[in-house]
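Read off the chains here:
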Amino acid sequence: MAGVITAERIADLIEQAPGWALVALTVPQERLRADARREVAEHVYSALYRPMDVEAGQLRLPL
């Protein structure tokens, strides 16, 4: 199920995050680690909450 949020799904999404962000999580500079945390978080959040199979030019219908 793509809609269910599980620890395994989150772990898979973290693994799919941009490589630079995963590496930067371990660098000594706090600013770079903060940027990396934000990038990984944005990647996971967008993968969990973006609409599935929606074309970029398609308008959403109001609910």
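Here, the structure is the one placed above.
Residues numbered from 1 in each chain as written. Predicted model: local features only at pLDDT ≥ 70, side-chain atom pairs only at ≥ 80, totals over all residues. Heavy atoms only, no water.

1. A few points about the overall build of the protein
Stated precisely, the cut-off is as follows: By definition, any uninterrupted DSSP run of H or I lasting at least four residues is a helix, any uninterrupted run of E lasting at least two residues is a strand, and each is numbered from the N terminus. We call two residues contacting when some pair of their heavy atoms lies within 4.5 Å. Residue exposure ignores everything except the shown protein chains as possible cover, and the areas themselves are Shrake-Rupley values with a 1.4 Å probe.
Scanning the protein from terminus to terminus reveals 3 helices and 0 strands. Mapped in sequence order, the helices and strands of the protein form the string α-α-α. For the protein, the share of sequence-separated contacts (at least 6 apart) that also reach a separation of at least 24 residues comes to 38%. Summed over its atoms, the accessible surface of the protein is roughly 5,300 Å², and 60% of this surface lies on carbon and sulfur atoms.

2. Overview of the pattern of salt bridges
Our working rule: Criterion for a salt bridge: a side-chain nitrogen of Lys or Arg within 4 Å of a carboxyl oxygen of Asp or Glu.
A full pass over the atoms with the stated rule returns 4 salt bridges. Within this structure, E30, R33 and R37 form a network of salt bridges that share partners.

3. Describing the packing of aromatic side chains
This is how it is decided: Pairing of aromatic side chains requires ring centres within 6.5 Å, counting the rings of Phe and Tyr and the six-membered ring of Trp. Pairs whose planes differ by under 30 degrees are stacked, by over 60 edge-to-face, and all others tilted.
With the rule as written, the count across this model stands at 1 aromatic pair. Each ring, one from Y45 and one from Y49, has its centre 4.9 Å from the other, and the planes form 40°; the classification is tilted. With a gap of 4 residues between them, Y45 and Y49 both fall in helix 3 (residues 30–49), about one helical turn apart.

4. Here's the deal with helix 3
Formally: Helices are assigned an expected span. That span is 1.5 Å times one less than the residue count. Type-normalised accessible area, obtained with a 1.4 Å probe on protein chains alone, sets the label of each residue: buried when under 20%, exposed when over 50%, and partly exposed for intermediate values. Within this analysis, the arc is defined by the directions that extend from the helix axis to the C-beta atoms.
With 20 residues, helix 3 extends 28 Å between its outermost C-alpha atoms, agreeing within 8% with the 28 Å of an ideal straight helix rising 1.5 Å per residue. Restricting attention to buried positions, one finds in helix 3 the residues A34, A36, V40, V44, A47 and L48. Buried residues of helix 3, viewed axially, fall in a sector of 170°; they line one side. When the buried face of helix 3 is taken as reference, the exposed residues oriented beyond 90 degrees from it are R31, Y45 and Y49. In the core, the buried residues of helix 3 are packed alongside helix 1 (7–15) and helix 2 (19–24).

5. Let's talk about the environment of L32
Residue position: L32 is located in helix 3. When the C-alpha positions of L32 and A21 are compared, they lie 8.7 Å apart, and in sequence the two are 11 residues distant.

6. Observations concerning the nonpolar core
As a reminder, the rule being used: Grouping buried Ala, Val, Leu, Ile, Met, Phe, Trp, Tyr and Cys residues that are joined through side-chain atoms within 4.5 Å yields what is termed a nonpolar core.
Listed in full, the 9 residues of the largest apolar core are L13, A17, A21, A24, A36, V40, V44, A47 and L48. Contributions of two or more residues to this core are made by helix 2 and helix 3. Here this core gets 5 residues from one element, more than from any other, and that element is helix 3. Apart from the residues within four sequence positions on either side, A24 is in contact with L32, R33 and A36.

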